[in-house]
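Secondary and tertiary structure notes
This is what each chain is made of:
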Amino acid sequence: MKDKMFEILKSIPDMEKKLREIRDVLLTNLVMLGEIPSPTFQEQSRMNFLVHRFNQYNLLNCSTDEIGNGLGILPGKSGDRNILLVAHMDSEYDDKADHTISIQPNSVTGPGVADNALGLAVIASLPYILEKLNIELNSNLILMGSARSLGAGNLEGIRFFLDNTDINISTGLSVEGVRLGRLSNSAIGMARCEVHYWVPEGYDWTQFGAVGSIVTLNEFINRILEIPIPTRPATSIVFSSIESGRGYSKVSTEAELKFEIQSESEEMVEQLLQQINSIAIEIATKTAARVVVKELSRRKPGGIDFSHPLVTNARKIMETMDIKPRITPSMSELSAFIDAGIPALTIGISSLETASKTAESVKIDPMYKGLAQLISLLVAIDKGYCDEN
Amino acid sequence: MKIDKWIKENTFHHSAFEDLDKLVKEKEKQNLKISLCIPTLNEEKTIGKEIVLFNSELMTRYPLLDEIAVIDSGSIDNTLEVARSFGADTYLASDILPNLDNKKGKGENLWKAIYQLKGDIIVYIDADIKNIHPRFVYGLLAPLIYNKKTKYVKAFYDRPLAFSEGIRPSGGGRVTEILIRPLFSLFFPELSAIIQPLSGEYAVRREVLEKLSFPIGYGVETAHLLDIYREYGMDAFAQTDLDQRVHRNQETMSLGKMSFGILQTFLHRMKSYGMMTDIPELSTILRQFQAHDDVFESIEQEIVEEERPPMITIPEYLKKRGNK
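Residues numbered from 1 in each chain as written. Chains lettered and ligands numbered in written order. Predicted model: local features only at pLDDT ≥ 70, side-chain atom pairs only at ≥ 80, totals over all residues. Heavy atoms only, no water.

Looking only at helices and strands, one finds 10 helices and 18 strands in chain A. A globule of 389 residues ought to have a C-alpha radius of gyration of about 21 Å, and chain A, at 23 Å, matches this closely. Projected onto its principal axes, the C-alpha coordinates of chain A cover approximately 75 × 45 × 40 Å. By residue count, 56% of the 389 residues in chain A fall in the buried class. Taking contacts inside chain A between residues at least 6 apart in sequence as the whole, the part at least 24 apart equals 79%. Computed over 37 positive and 49 negative side-chain charges, the separation of the two mean positions in chain A equals 5 Å. (Helix = DSSP H or I, 4+ residues; strand = E, 2+ residues; numbered from the N terminus. Rg over C-alpha atoms; globule rule 2.2 N^0.38 Å. Buried < 20%, exposed > 50% of the residue type's maximum accessible area, 1.4 Å probe, protein only. Contact = heavy atoms within 4.5 Å. Lys, Arg positive; Asp, Glu negative; His and termini not counted. Charge placed at Lys NZ, Arg CZ, Asp CG, Glu CD.)

Looking along a regular strand, one sees the side chains alternate between the two faces of the sheet. All names here are of chain B. Burial of strand 6 (residues 152–158) is extensive: 6 of the 7 residues sit out of reach of the surface. Bridging between strand 6 and strand 9 (residues 202–205) involves 3 bridges; their strand directions are antiparallel. Residue Val-153 lies in a different strand from strand 9, and its bridge partner there is Ala-203. Relative to strand 11 (residues 237–244), strand 6 runs parallel, the two being bridged by 6 bridges. If you follow Val-153 over to strand 11, its bridge partner there is Ala-238. (Pairing = 2+ DSSP bridges.)

Now for the side chain of Asn-109 of chain B. Residues and elements named next belong to chain B. Topologically, Asn-109 is positioned in helix 5 (residues 106–116). Relative accessible area serves as the criterion here: at 1%, Asn-109 is assigned to the buried category. Those residues within four positions of Asn-109 in sequence are excluded, and the remaining contacts are Pro-39, Thr-40, Ile-71, Asp-72, Ser-73 and Ala-93.

Moving on: the layout of surface pockets. Residues and elements named next belong to chain A. The calculated volume of the largest pocket comes to roughly 1,600 Å³. Glu-92, Asp-115, Leu-150, Gly-151 and Arg-192 are, among the 50 residues lining the largest pocket, the residues nearest its centre. Put simply, the parts of the chain that give the lining of the largest pocket at least two residues each are helix 4 (113–132), strand 7 (171–178), strand 10 (189–198), strand 11 (235–244), strand 12 (254–263), strand 13 (290–299) and strand 17 (352–355). Examining the composition of the lining of the largest pocket, we find that 4 residues originate from one element, strand 12, more than from any other. In this structure, the lining of the largest pocket is formed jointly by two domains, domain 1 (6–187 + 301–382) and domain 2 (189–298), each of which donates at least three residues. (1 Å grid on protein atoms, 1.4 Å probe; cavity = no way out; pocket = protein on both sides within 12 Å on 5 of 7 lines; lining within 4 Å. Points joined across faces, edges and corners; volume = space filled by probe spheres on them. Domains from an automatic or database assignment.)

Residues and elements named next belong to chain B. At a minimum axis distance of 10 Å, the contact between helix 2 (residues 20–29) and helix 6 (residues 135–146) shows a crossing angle of 45°. Comparing their axes, helix 6 and helix 2 come out oblique. When you trace helix 2 past helix 6, the crossing you get is left-handed. Note on element contacts: helix 6 touches helix 2 through Tyr-138, Ala-142, Ile-145 and Tyr-146, opposite Leu-20, Lys-22, Leu-23, Glu-26 and Lys-27. (Axes fitted to C-alpha atoms, helices over the stretch in contact; angles between N-to-C directions. Parallel < 35°, antiparallel > 145°, perpendicular 65-115°, else oblique. Left-handed = near helix turned anticlockwise from the far one by under 90°.)

All names here are of chain A. Position of Val-113 among the secondary structure elements: in helix 4. Taking C-alpha positions, Val-113 is 41 Å from Ala-289, a pair spaced 176 residues apart along the chain. In this structure, Val-113 is in contact with Leu-30, Ile-101, Val-108, Leu-118, Glu-360 and Val-362, ignoring residues within four places of it in sequence.

We now examine the pattern of salt bridges. Scanning the entire structure with this criterion turns up 35 salt bridges over all chains. With its nearest N and O atoms 2.9 Å apart, the salt bridge here joins Asp-365 of chain A to Arg-20 of chain A. Note that Asp-365 of chain A is positioned in helix 10 (residues 365–382) and Arg-20 of chain A in the loop between helix 1 (6–19) and helix 2 (23–34), a separation of 345 residues in sequence. Residue Arg-20 of chain A is classed as partly exposed on the basis of its relative accessible area, which comes to 37%. Note that Asp-66 of chain B is salt-bridged to Lys-27 of chain B, the shortest N-O span being 3.0 Å. One end of the pair, Asp-66 of chain B, is in the loop between helix 3 (44–61) and strand 3 (67–72); the other, Lys-27 of chain B, is in helix 2, and 39 residues separate them in sequence. (Salt bridge = Lys/Arg side-chain N within 4 Å of Asp/Glu carboxyl O.)

Residue and element names in this part refer to chain B. The strand order across the open sheet built from 8 strands is 1-11-6-9-5-2-3-4, with neighbouring strands paired in mixed fashion. Pairing within the sheet leaves two strands with one partner each, and these edge strands are strand 1 (11–13) and strand 4 (89–92). When strand polarity is set aside, the average angle formed by the axes of neighbouring strands in this sheet is 25°. For strand 2 (residues 34–40) and strand 3, the ladder comprises 6 bridges, and the chain directions are parallel. Following the sheet pairing, Thr-40 is matched in strand 3 by Asp-72. Lying on the sheet, helix 3 is in contact with strand 2 and strand 3; it crosses strand 3 at an angle near 160°.

Looking now at the pairing of strand 3 (residues 82–88) of chain A. Residue and element names in this part refer to chain A. Strand 3 sits mainly inside the fold: 7 of its 7 residues count as buried. In strand 3, alternate side chains face the same way, and those of Asn-82, Leu-84, Val-86 and His-88 on one face and Ile-83, Leu-85 and Ala-87 on the other are all buried. Across 7 bridges, strand 3 lies against strand 6 (residues 140–146) in parallel orientation. Considered in strand 6, the bridge of Leu-85 is made with Leu-143. Relative to strand 7, strand 3 runs parallel, the two being bridged by 4 bridges. Bridge pairing in strand 7 links Ile-83 to Thr-171.

Let us now look at the domain arrangement of chain A. All names here are of chain A. Partitioning chain A into domains gives domain 1 (6–187 + 301–382) and domain 2 (189–298). Between the C-alpha centres of domain 1 and domain 2 there is a distance of 36 Å. Each side of the interface is counted separately: domain 1 has 7 residues, and domain 2 has 12 residues. Taking both partners together, domain 1 and domain 2 bury about 610 Å²; carbon and sulfur atoms supply 59% of that area. Interface area lost by domain 1 to domain 2 is led by Asn-154, Pro-301 and Met-331, which between them contribute 71%. Counting across the domain 1 and domain 2 interface gives 0 salt bridges. Inspection of the region where domain 1 meets domain 2 yields 0 residue pairs in polar contact (both at pLDDT 80 or more). (Buried area = accessible area lost by both parts, 1.4 Å probe. Polar contact = N/O pair within 3.5 Å; in protein donor to acceptor, adjacent residues only side chain to side chain.)

A word on the packing of aromatic side chains. In this description, a pair of aromatic rings is defined by centroid distance and the angle of the planes. Residues and elements named next belong to chain B. By the definition in use, this model includes 12 aromatic pairs over all chains. Seen from their ring centres, Tyr-152 and Phe-237 are 5.6 Å apart, and the 85° between their planes marks the pair as edge-to-face. With Tyr-152 in strand 6 and Phe-237 in strand 11, this residue pair connects regions lying 85 residues apart in the sequence. Of the two residues, Tyr-152 and Phe-237, both sit in the buried class. Joined through ring pairs, the aromatic side chains of Phe-187, Phe-188, Tyr-229, Phe-266 and Tyr-273 make up one cluster. We note Lys-22 situated over the ring of Tyr-146; from NZ or CZ to the ring centre the distance is 5.4 Å. When the ring centre of Tyr-115 is taken as origin, the NZ or CZ atom of Lys-320, which lies over that ring, is 4.5 Å away. (Phe/Tyr/Trp six-rings, centres within 6.5 Å; stacked < 30°, edge-to-face > 60°. Lys NZ or Arg CZ within 6 Å of the ring centre and 35° of its normal.)

Leu-19, Leu-85, Val-108 and Met-367 of chain A together with Leu-65, Ile-125 and Leu-141 of chain B are the most contacted members of the largest nonpolar core, which has 124 residues in total. In terms of residue count, the dominant contributor to this core is helix 4 of chain A (13 residues). Not counting the four nearest positions on each side in its chain, Val-108 of chain A is found in contact with Leu-27, Leu-30, Ile-101, Ser-102, Ile-103, Val-113, Glu-360, Ser-361, Val-362, Ile-364 and Met-367 of chain A. (Core = buried A, V, L, I, M, F, W, Y, C linked by side-chain atoms within 4.5 Å.)

If you want it as structure tokens, here you go:
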């Protein structure tokens, strides 16, 4: 029996070729969105541009909500099903950074280009692209730029939408700029934390163990590293950043450490967090300094099975295009879909050329493949091929 | 006051022209052809983005432009290759009107665009704008499209200078404020209403451009303003606020050279208008100093503001345009 995906897979090479013709539209949206600073909690200007674009494409319900998400609906022929495509609008770069983006024949470079101006540019360009490809879906396509996703934002935008919308979402796709081949069908459990250490006023520097923030934080990290980490469920503690000190000749009195606990098991995340809290209390008691562990955000583990038709068809599409799927758990918008019980995937659009503290560089050529895989998957979802029996 | 009235009636903000559907309809109604010219010299870092944005927004989505052309002074980087890869028409200035002696300068590229490009209106945009946006083009074209009396539209900005640590909200335009504005205020007070007379972005009707002589160097913008003012008066001008323009900051030494070239153009104009008769032969050597520890090194540079005659006097142009 012929695979029902056959027609879709057959059309991919031709689609990829046609997509090269819309390069400038995608790159323009990438530049115009990416050059608008959009740190978490300050996404409004980027959102305004996105919704303006949706309006220009005559989408329905072009709007924002009280969290600051940007939304538009491309109505389907029958409208029997609603597919939500989301890309987060916020970026790790603050509004003081020079947001200039440059385009070279093979790459686009600028702050936040990969994460996630490219993902958002795809969402902004999709109505135009589908029109140019003469693709009219039966399903309604809800296009969304989500606010307050990263860090302390803790996916507030997408969670707010899913908690409050009356629309019955059948499938979700989270679009990330990089990397092409990314296929996330599950989310791992995660607790994202900050540790603040500081010496109170009138601190007795003559007492035993009074060594300042750097040495104390070092001790704190060593104690965390002594905690036995299981291989099953897969678990890790990731130290992300550390800040302390102001120069020579002074004992540092304040420090900040950022870390994440990641695990396939929600219980393991909780258990480790409790252990780390106990270490903090012990160190605070010993040194008479203040040590506070602040939990910024938490994700539950979960997702759809690897054998779910949404995953198997996404893999078929990728394999047809010679894209090697990289199955990785996600901590992005996917977690919110999982919590809401909506089958969903995260996919990437292009490859990263370079990444530094001030800018990221994404390749142009893989974007056509990235777009073709996304659109093929959309068509498969639209036709019901990705539904679980 | 007349200047205030002119400013009120002829100064716009680009946001007034955001309705590109309306603008394109009006352009088509008048059967206008519009060309964009980007003069370049070693601009490989910024040229790609300019072309992609203008092509996508102002040709593909809204057919406001009929051609995008890069006219290059002989870049030694990949400016032309990058521009071509994104679909611009690319020309080496020396290949246009090859029978004429070869001159090098931004003004030369602007002048040759009149011959090479087909537009009834030509809009000139510098290639070094880091925060390029379609408003840079439609903001300049709209006053021409909506008002047939307007012949020349100049950009002005809240000009930040780009610094490594971020963007500073004000500054720039030093030659304007220290040289041009005082000169205009002294001799052509009405022209002081032009907020940024030296900005490299402007749109002009062909019927005006072809009658202008073009300094090929620093004086081209100043000469345009003076000659158009003299011929048509202030009613020919409009200016549009394009918000911020992020560009490379120029060193004071470079601004000195620029001022020297502009002054030559200005004084030559004063003489030819009969406003200053006793001007001696002007020196073309600019002396500047550079300090190395305790030693001051004198640097001499010859800066000659050569001019191209009005394009309408060039036989090849008349032949190409069918002696219109």
